[in-house]
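Single-letter residue listing:
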Amino acid sequence: MSPEKIFVAGHRGMVGSAIVRTLLAQGVQPQDIVTRTHAQLDLCDQQAVQDFFAREKPTQVYLAAAKVGGIHANNTYPADFIYQNLMVQANVIHAAHTHGVQKLLFLGSSCIYPRLAPQPMAEEALLTGPLEPTNEPYAIAKIAGIKLCESYNRQYGRDYRSVMPTNLYGPGDNYHPENSHVIPALIRRFHDAKVGNVPEVVIWGTGTPRREFLYVDDMAAASVFVMQIPITTYQAHAHPMQSHINVGFGSDITISELAHAVVQAVGYTGRIAFDDTKPDGAPRKWMDSRRLRSLGWRPLVELHEGLVNAYFAHLASRQT
């Protein structure tokens, strides 16, 4: 049998680069992994995406490309978040179908679930209530991606699967001072405060919301694991109109606890304060990942180890 030709969309992002690392570690040959930078292929350009699939003829697709960001970015650029993510998903998934790709994995987000969904959030909670307002446009786009995959499966018999990760962190994260997620934002701020001998770091919100965090290489391993599940086994665990699978660490912590864990990893010795005039976001986001665990997957990287790895990766990136 000829080898698979695997297109990893978004290979320069945190998750996409981890998927490439995982595939290579599992023995996939570098020449069998297809990647394109944004400069080489604009995934919002429908014709360019169609031309790419016609030319490269991939047999599998990992759709990890997305416009992502934290609360500030989602609140500031809602139109960009919904438009760009909708276009990328629609173009890649439709082109995959058009050019005969049978297997595709779409990476979503835990924000697809209602703001006040019962905790932990099970797959069945999708579309059962209002979304968190601060990232609703992004969440709507991700929900559309799930339903795109399900619709091509139902109408054309494709094997397009969706995984919903909890909050991810690790090498390759975005450390932008305004548009990053909570862990890279904290790592950057505590490192800068350590270097500058700043006595106090103020964090947005009350510190009381609870969040679950998963190391990105665990997420990549879960993605490849889900892609490799035999279709009969996968279908036995996923309803045709509720086919997505959660990927979580299995437990959550408060933002305050997280801040102290990052302080320990970074080695900052100053004070931590919380600005309760800033938004907290959803009160709790904890994924129910029992479905995936029942299929045999488990995370391997504990939070402290992952934070130390992420910090040293950030230090290395600052020196390049």
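Numbering of residues begins from 1 in every chain and follows the order in which that chain's sequence is written. With pLDDT at 70 or above as the cut-off, local features in this predicted model cover only qualifying residues; side-chain atom pairs require 80 or more to be listed or tallied, and sums for whole chains, interfaces and linings still use all residues. Heavy atoms throughout the structure, all of them, feed into the side-chain values; hydrogens and water do not.

### Focus: the environment of Ser17
Right, so step 1: Tracing the backbone through its elements, the reader meets Ser17 in helix 1 (residues 14–25).
Right, so step 2: In this structure, the C-alpha to C-alpha distance between Ser17 and Ala64, residues 47 residues apart in sequence, is 9.2 Å.
Right, so step 3: For Ser17, the residues in contact, after removing those within four places along its chain, are Gly10 and His11.
Right, so step 4: Reaching out from Ser17, the side chain makes a polar contact with the backbone oxygen of Met14 at a distance of 3.1 Å. Strands are runs of DSSP state E lasting at least 2 residues, helices are runs of H or I lasting at least 4, and numbering of each runs from the N terminus. Contacts are assigned to residue pairs with any non-hydrogen atoms lying within 4.5 Å of each other. Side-chain atoms alone can form a polar contact between residues adjacent in sequence; in general such a contact is a pair of N or O atoms within 3.5 Å, and within protein one must be able to donate a hydrogen while the other accepts it.

### Description of the pattern of salt bridges
Right, so step 1: Every case where a carboxyl oxygen of Asp or Glu lies within 4 Å of a side-chain nitrogen of Lys or Arg is listed as a salt bridge. Taken as a whole and assessed by the stated rule, the structure comprises 14 salt bridges.
Right, so step 2: Among the ionic pairs, Arg271 bridges to Glu200, the shortest N-O distance being 3.5 Å. Here the residue Arg271 occupies a position in strand 12 (residues 271–275), and Glu200 occupies one in strand 7 (residues 200–204), the gap between them amounting to 71 residues.
Right, so step 3: The partner of Arg210 in a salt bridge is Asp252, and the shortest N-O contact between them spans 3.3 Å. Residue Arg210 is found in strand 8 (residues 210–211), and its partner Asp252 is found in the loop between strand 10 (245–247) and strand 11 (253–254); the two are separated by 42 residues along the sequence.
Right, so step 4: Exposure is judged per residue with a 1.4 Å probe applied to protein chains only, and the accessible area is read against the type maximum: over 50% gives exposed, under 20% gives buried, and values in between give partly exposed. Looking at Arg210, the relative accessible area reads 27%, which means it is partly exposed.
Right, so step 5: Three or more residues joined by partner-sharing salt bridges are found here, namely Lys5, Arg36 and Glu56.

### As for the packing of aromatic side chains
One pair of aromatic rings is described through two measures. These are the centre distance and the angle between the planes.
Right, so step 1: Two rings belonging to Phe, Tyr or Trp (six-membered ring only in the last case) form a pair when the distance between their centres is within 6.5 Å. Interplanar angles under 30 degrees mark stacking, angles over 60 mark edge-to-face geometry, and anything in between is tilted. Counted under the stated rule, the structure contains nine aromatic pairs.
Right, so step 2: Through successive ring pairs, a cluster of aromatic residues spans Phe7, Phe52 and Phe53.
Right, so step 3: The rule for a charge over a ring is simple: NZ of Lys or CZ of Arg within 6 Å of the ring centre, and within 35 degrees of the ring normal. Positioned above the aromatic ring of Tyr77 is the side chain of Lys67, whose terminal nitrogen or guanidinium carbon lies 6.0 Å from the ring centre.

### Topic: the sheet that holds strand 13 (residues 284–285)
Right, so step 1: Being paired, for any two strands, means DSSP has found at least two bridges between them. Within the open sheet, the three strands sit side by side as 11-8-13. Their pairing is mixed. The strands lining the two open edges of the sheet, one partner per strand, are strand 11 and strand 13.
Right, so step 2: Here strand 8 runs beside strand 13; their pairing, made up of two bridges, is parallel. Residue pairing for strand 13: Arg210 is matched across the bridge by Arg284.

### Structural notes on the nonpolar core
Right, so step 1: The definition of a nonpolar core used throughout is a set of buried Ala, Val, Leu, Ile, Met, Phe, Trp, Tyr and Cys residues joined through side-chain atoms within 4.5 Å. Grouped together as the largest cluster of nonpolar side chains are 38 residues, with contacts concentrated most on Phe53 and Tyr113.
Right, so step 2: Counting residues in each nonpolar core, the second largest holds 32 residues, with Val20, Ile33, Met227 and Ile245 among its members.

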